Amino acid sequence: RAKEEGKNQYRFYDMTLNPNAKESMEIASSLRRALEKDEFLVYYQPQVEARSGKLTGLEALIRWRHPAKGLVPPNAFIPIAEETGLILPISERVLQLVCAQSKAWQQAGLPPIRIAVNLSARQFAQKDFAARICEIVEGYGLNPSCLELEITENMAMKDEMQTVLQEIRDKGFLLSIDDFGMQYSSLNYLKKLPVHKIKIDRSFIGGISRDRKDEAIIAAMLNIADRLGLTVIAEGVETREQLEFLRANNCHAIQGYIFCKPQPPEEIQEWLRRSNIESNVIEPGGGWRA
Ligand code: C2E
Ligand code: MG
Ligand code: MG
Ligand code: MG
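Remember, predicted model here, so these are calculated numbers, not experimental data.

**Q** I keep staring at the site of ligand 1 and nothing clicks. Help me out?
**A** Around ligand 1, the surrounding shell holds 21 residues, and the nearest of these are Asn-118, Asp-178, Arg-202, Glu-238 and Tyr-257. Gln-45 is positioned with one of its side-chain polar atoms (N or O) 3.1 Å from a nitrogen atom of ligand 1. Within the side chain of Asn-118, a nitrogen or oxygen atom sits 2.8 Å from an oxygen atom of ligand 1. Bound to the protein, ligand 1 loses 85% of the 810 Å² it would expose on its own. Because more than half of its atoms lie within 2 Å of the grid, ligand 1 is assigned to the largest pocket. The set of elements that each furnish at least two residues to the shell around ligand 1 consists of β2 (55-66), α3 (87-107) and β6 (174-180). Ranked by residue count, the leading element in the shell around ligand 1 is β2, at four residues.

**Q** Just checking my understanding: could you explain the packing of α3 against helix α5 (residues 129-139) for this structure?
**A** Packed helices, taken two at a time, are described by their axes: the angle between them and the distance between them. It is the contact of α3 with α5, at a shortest axis distance of 9 Å, that shows an interaxial angle of 35°. Note that α3 runs across α5; the crossing there is right-handed. Between α3, through Glu-92, Leu-95 and Cys-99, and α5, the contact on the second element is made entirely by Arg-132, Ile-133, Ile-136 and Val-137. In the contact of α3 with α5, the residues fall into five nonpolar, no polar and two charged.

Scoring rules and cut-offs
Residues numbered from 1 in each chain as written. Chains lettered and ligands numbered in written order. Predicted model: local features only at pLDDT ≥ 70, side-chain atom pairs only at ≥ 80, totals over all residues. Heavy atoms only, no water. Near = heavy atom within 4 Å. Polar contact = N/O pair within 3.5 Å; in protein donor to acceptor, adjacent residues only side chain to side chain. Areas by Shrake-Rupley, 256 points an atom, 1.4 Å probe, with all protein chains shown as cover. 1 Å grid on protein atoms, 1.4 Å probe; cavity = no way out; pocket = protein on both sides within 12 Å on 5 of 7 lines; lining within 4 Å. Sits in = over half its atoms within 2 Å of the grid points. Helix = DSSP H or I, 4+ residues; strand = E, 2+ residues; numbered from the N terminus. Axes fitted to C-alpha atoms, helices over the stretch in contact; angles between N-to-C directions. Left-handed = near helix turned anticlockwise from the far one by under 90°. Contact = heavy atoms within 4.5 Å. Nonpolar A, V, L, I, M, F, W, Y, C, P; charged D, E, K, R; others polar.

This is the structure:
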């Protein structure tokens with residue numbers, strides 16, 4: 001596709017149709033510069049077992065340290081990176097940062113901690129994706145079971161993606177569906193998808209104690225997931241009431257401000273030392289249940 005022809009991509013922006021095109025172009029060129037200047041970094045947010053509060057993993061969340069704007073959140077630049085194809089080198093950078101951090105934590109004497117990484121549709125659509133990611137991980141002397149790969153429903157449900165999914169899973173990576181319930185939600189697909197885990201989207205969690213329908217949907221998701229042998233994590237848990245509701249409905253794991261906000265690696269390392277974790281990395285072939 002012409003969009004992927006590198007430098008020619010700008011001719012696809014029609015300024016008269018899209019009033020934000022100029023801004024998008026500016027962001028795209030500063031993203032390119034940011035890659036060269038190494039301005040991306042990764043924050044980490046803990047995921048904990050609902051019942052015990054024991055750490056089960058971390059999610060890696062990209063940030064951009066812009067020289068003038070300060071710390072820029074992903075929603076302000078990931079969509080533009082997706083459009084322009086810059087998401088590929090940016091994602092590669094995230095994987096390198098995550099692997100290097102994981103290795104550094106192991107060398108600092110912390111037990112291996114599984115880190116979840118968000119994948120983009122473009123990355124995932126690369127034919128040799130499974131081999132590429134394996135190469136990166138092994139280059140750092142890590143085992144694929146150290147990483148959990150997050151994909152969205154749309155990415156997971158395409159028929160042509162089933163081979164890649166199975167390859168990734170066979171290599172020993174954990175797979176989860178991010179923002180579950182926001183896209184297709186074709187429950188029939190859940191039965192054939194080779195994933196380990198679903199992440200209930202934050203918008204449902206926000207309805208706990210306020211909207212009986214959200215509560216009903218969450219309870220149903222938990223029930224179906226349990227019967228299909230999938231692990232469930234709730235995202236964006238902020239209040240006691242939300243936590244209690246999720247515990248009462250047997251949700252396995254929790255990610256949200258109630259436990260910890262995404263933090264830079266130094267702060268997370270402190271948090272890890274304090275929380276007295278045990279090794280939670282599952283070897284390939286081992287049963288997996290948070
Ligand atoms: P996501 O993967 O669904 O990540 C969870 C988002 O929810 C994060 O926002 C996190 O900071 C936020 N969050 C967690 N707990 C709470 C809570 O209790 N309350 C509230 N209000 N928010 C909470 P963040 O870091 O701004 O990331 C936004 C999105 O950007 C991510 O959503 C993900 O889709 C995307 N993203 C982040 N990092 C990457 C990356 O490395 N690659 C790609 N392709 N996308 C990324
Ligand atoms: Mg995610
Ligand atoms: Mg997401
Ligand atoms: Mg999410």
